[in-house]
Amino acid sequence: MRGFEAASGLLKDRIRSAGESRGFAVTRLLTHWAEIVGEDLARATRPVKVGYSKGAFGATLTVLVRATEAPMVQMQLPMIKEKVNACYGYAAISRVMITQTAPMGFAEGQAQFTPAPKAPPKPADPAILAKAHETAEGVRDEGLRAALETLAQNILTRRNT
């Protein structure tokens, strides 16, 4: 038995094989798209495929864009190419293509570009809050005390469930 493993370790091979089937040698391009191109562009775009042509240098990155935002994204293609190549560490991408879709299109076009809003957290039990505050009471540093209170709340809440 291997014991406990992080979920990312268990899914790493499946994610890599799914990414490689679409030409993504570096899965970081898929998982960290917002960090690579910026929040504004990430809300309007999604990387779909990396295509390699025979005998040519560089690959073609296909990016999914809503039809209404395509003209603005078209102007930023050189910057997208530069940032993606920085992610790869060399000039892997020689061209960026846009494919457009409607917000309610077919197949992949149905995917939402923005994540769903997070649900508000449930209010904590006052007894747990008091116990957590009591646990971290002797700490002078406010930041450390707040972190310890949060940790104590999480531990006490987990024990009660």
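For every chain, the first residue of its written sequence is number 1, and the numbers climb from 1 along that sequence. Local features in this predicted model are restricted to residues whose pLDDT is 70 or higher, and side-chain atom pairs enter the listing and the counts only when it is 80 or higher, whereas totals over whole chains, interfaces and linings include all residues. Side-chain calculation: all heavy atoms of the structure are included, whereas hydrogens and water are not.

Trainee: I tried to follow a nonpolar patch on the surface on my own but got confused; where do I start?
Mentor: Patches draw on residues past 30% relative accessible area with no salt bridge. Two like charges within 9 Å are joined, as are two nonpolar side chains (Val, Leu, Ile, Met, Phe, Trp, Tyr) within 5 Å. Only the protein chains shown count as cover for residues, with accessible areas throughout obtained via the Shrake-Rupley method and a probe of 1.4 Å. By convention in these notes, a salt bridge is any Lys or Arg side-chain nitrogen within 4 Å of a carboxyl oxygen on Asp or Glu. There is a patch of nonpolar side chains on the surface, built from Leu144, Leu148, Leu151 and Ile155 and spanning about 320 Å² of accessible area. Overall, the relative accessible area of 45% leaves Leu151 in the partly exposed class. Type-normalised accessible area, obtained with a 1.4 Å probe on protein chains alone, sets the label of each residue: buried when under 20%, exposed when over 50%, and partly exposed for intermediate values.

Trainee: Quick question: what am I supposed to make of the confidence of the model for the protein chain here?
Mentor: Reading fine detail from the predicted coordinates is not recommended where pLDDT is low. Per-residue confidence from the predictor is reported as pLDDT, which spans 0 to 100. Across the protein chain, the average pLDDT comes to 79, with 75% of residues at or above 70. Secondary structure elements are defined from DSSP: runs of H or I of at least 4 residues count as helices, runs of E of at least 2 residues count as strands, and each element is numbered from the N terminus. Within the protein chain, the element-level pLDDT minimum falls on helix α1 (residues 7-21), averaging 66, and the maximum on helix α5 (residues 70-75), averaging 92.

Trainee: For this particular structure, what's the right way to read the pairing of strand β2 (residues 59-66)?
Mentor: In terms of burial, β2 is a largely internal element, seven of the eight residues being buried. Sheet topology places strand β1 (residues 45-52) next to β2; seven bridges connect them, and they run antiparallel. Looking across to β2, one finds that Arg46 is bridged to Leu64. With eight bridges connecting them, β2 and strand β3 (residues 93-101) associate as parallel partners. Bridging across to β3, Val65 finds its partner in Gln100. Note on pairing: two strands pair once DSSP finds at least 2 bridges between them.

Trainee: Whenever I open this one, the side chain of Thr62 confuses me. Can you help?
Mentor: Tracing the chain through its elements places Thr62 in strand β2. Judged by its relative accessible area of 13%, Thr62 is buried. For Thr62, the contacting residues outside a window of four places in its chain are Arg46, Pro47, Val48, Lys49, Met97 and Thr99. Note on definitions: a residue-residue contact is assigned when non-hydrogen atoms from the two residues lie within 4.5 Å.

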